Amino acid sequence: MAGPVGRRDKNTAQSGRGSRIAVAIVIGILFGGIFAFLYPHGFFSSTQASNFQGRRLAKSILQIGSTTCESSERVNMLRSDLADLSSKNDELKKQVRDLTNKLMAAEQKNGNAEKQVVVVGEPQKAGPFGTVKGIRTNPTVLPDDTVNPRLSKILKKIAVKNELIVALANSNVKEMLEVWFTSIKKVGIPNYLVVALDNGIADFCKENDVPFYTRDPDEDIDSIAKSGGNHAVSGLKFRILREFLQLGYGVLLSDVDIVYLQNPFDHIYRDSDVESMSDGHDNMTAYGYNDVSDDPSMGWARYAHTMRIWVYNSGFFYLRPTLPAIELLDRVADRLSHPPPAWDQAVFNEELFFPSHPGYIGLHASKRTMDRYMFMNSKTLFKQVRKDGDLKKLKPVIVHLNYHPDKLPRMKAVMEFYFNGKQDALEPFPDGSDW
């Protein structure tokens, strides 16, 4: 029968599997005991673990130390870069200041306003009503002694507070020059210089202990300087004065048909690029006025308002050493050196006053008109002052004999009237000239 045999076979198989499991357990216990005896601290000893952890820690420390060194070096590098940048920044600031001075007078040749570059400093907010004032006192140029080292040495000895009177003279005006420097000496003005245009004037200055300067030879200038008349010589000053301004000196340009009665530097404002005496003979003509033009053909619009002022005198003006002042000299000198022939005083005023317009870029120079009674022209003296008891008591700073061709005798009369108190010294002369 099959039933009992099948149960026996099943029991036998189960018994065999149980024996194999028991053997495996015994073997496992046996090997466990052997390993426990041979490796009481296990496969990975604490020393090995310590060494392993030590190596990891040392590596970490080295990395940290390396990072610290790198960070320190980086900080030092950054500090060095910062110092370099700071130094470069200071240099750039200086360059900006220099460029600011240059760009203040720089304008594009094509005259397009959008392309003009003008730097006047940091933008500012406008103040309350009535408190806002525009900039009219331009910065002075940086003195450049390399322009004319010989002249620089002379000016350092003569100038007072970097200012001096300068006159140009050749032998044609020798007698007037003598009255000119005699009046300066009487007043006690120490800072003046004669630009001697020929050897005769240089020798004359030496004989009379008058400071003088002779220019280096220049064919274009020398031909006019040695033989030119009053107006021709007057035109040279715009080229010659440039070096004085480049050297950083304020210059009071003076013709020689002038009598000094006070020190002019006590009466100059120094708030503008140009301060000049006027050819005007009253307040309107000297300082400007509204002149109404009448054109009846226009009906309702027949009246047109115009602004008028009499010209500045190019024989007596003060220039601060600024870029606009130098540009004025350049403009006038350039126009006088090319045809058509022109009078230097007319060109001087056109460059000062004409505004920018299509095809022309005007000069951006600030200007001041001198007090007409202190810096007096000869028309004012002979037509008005000498006839007024109160005005005769005034003592002007200078009298310029610009309106009269008989300059020398009138200069001597002015000396007699103001220095020697001779009250009738001016009476023999007519208001104007006889021709």
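Conventions adopted
- Residues numbered from 1 in each chain as written.
- Predicted model: local features only at pLDDT ≥ 70, side-chain atom pairs only at ≥ 80, totals over all residues.
- Heavy atoms only, no water.
- Helix = DSSP H or I, 4+ residues; strand = E, 2+ residues; numbered from the N terminus.
- Contact = heavy atoms within 4.5 Å.
- Salt bridge = Lys/Arg side-chain N within 4 Å of Asp/Glu carboxyl O.
- Buried < 20%, exposed > 50% of the residue type's maximum accessible area, 1.4 Å probe, protein only.
- Pairing = 2+ DSSP bridges.
- Right-handed = clockwise from strand over helix to strand, strands pointing away.

A.B. asks: Just give me the short version of the side chain of Ser272, but keep the residues and values in it.
C.D. replies: When you line up the elements, Ser272 lands in the loop between β5 (258–260) and β6 (274–278). Excluding its chain neighbours within four sequence positions, the residues that come into contact with Ser272 are Arg136, Arg320, Ser366, Lys367 and Arg368.

A.B. asks: Outline the pattern of salt bridges, supporting the account with residue identities and numerical values.
C.D. replies: Overall, the coordinates contain 17 salt bridges when judged by the stated rule. Where Glu351 meets Arg331, a salt bridge forms, and the shortest distance between an N and an O atom there is 2.9 Å. Pair noted here: Glu351 is in helix α10 (residues 344–353) and Arg331 is in helix α9 (residues 323–336), with a separation of 20 residues, a long-range link. Here Arg386 ties to Asp431 by a salt bridge, and the two come within 2.9 Å at their closest N and O atoms. With Arg386 in the loop between α11 (378–383) and β12 (398–400) and Asp431 in the segment after α12 (407–418), this residue pair connects regions lying 45 residues apart in the sequence. Relative accessible area serves as the criterion here: at 26%, Asp431 is assigned to the partly exposed category. Bridged by salt links that share partners, the residues Glu327, Arg331, Arg335, Glu350 and Glu351 form one connected network.

A.B. asks: Outline the pairing of strand β1 (residues 163–169), supporting the account with residue identities and numerical values.
C.D. replies: Buried residues dominate β1, accounting for seven of its seven residues. Going residue by residue along β1, you find Glu163, Ile165, Ala167 and Ala169 tucked away on one face and Leu164, Val166 and Leu168 tucked away on the opposite face as well. Of the strand pairs in this sheet, β1 and strand β4 (residues 250–254) are connected by four bridges, and their pairing is parallel. For Glu163, the partnering residue across the bridge sits in β4 and is Gly250. Here five bridges tie β1 to strand β2 (residues 192–196), and the two strands are oriented parallel to one another. Across the sheet, residue Ala169 finds its bridge partner in β2, namely Ala196. For the segment spanning β1, helix α4 (residues 174–187) and β2, crossover handedness is right-handed.

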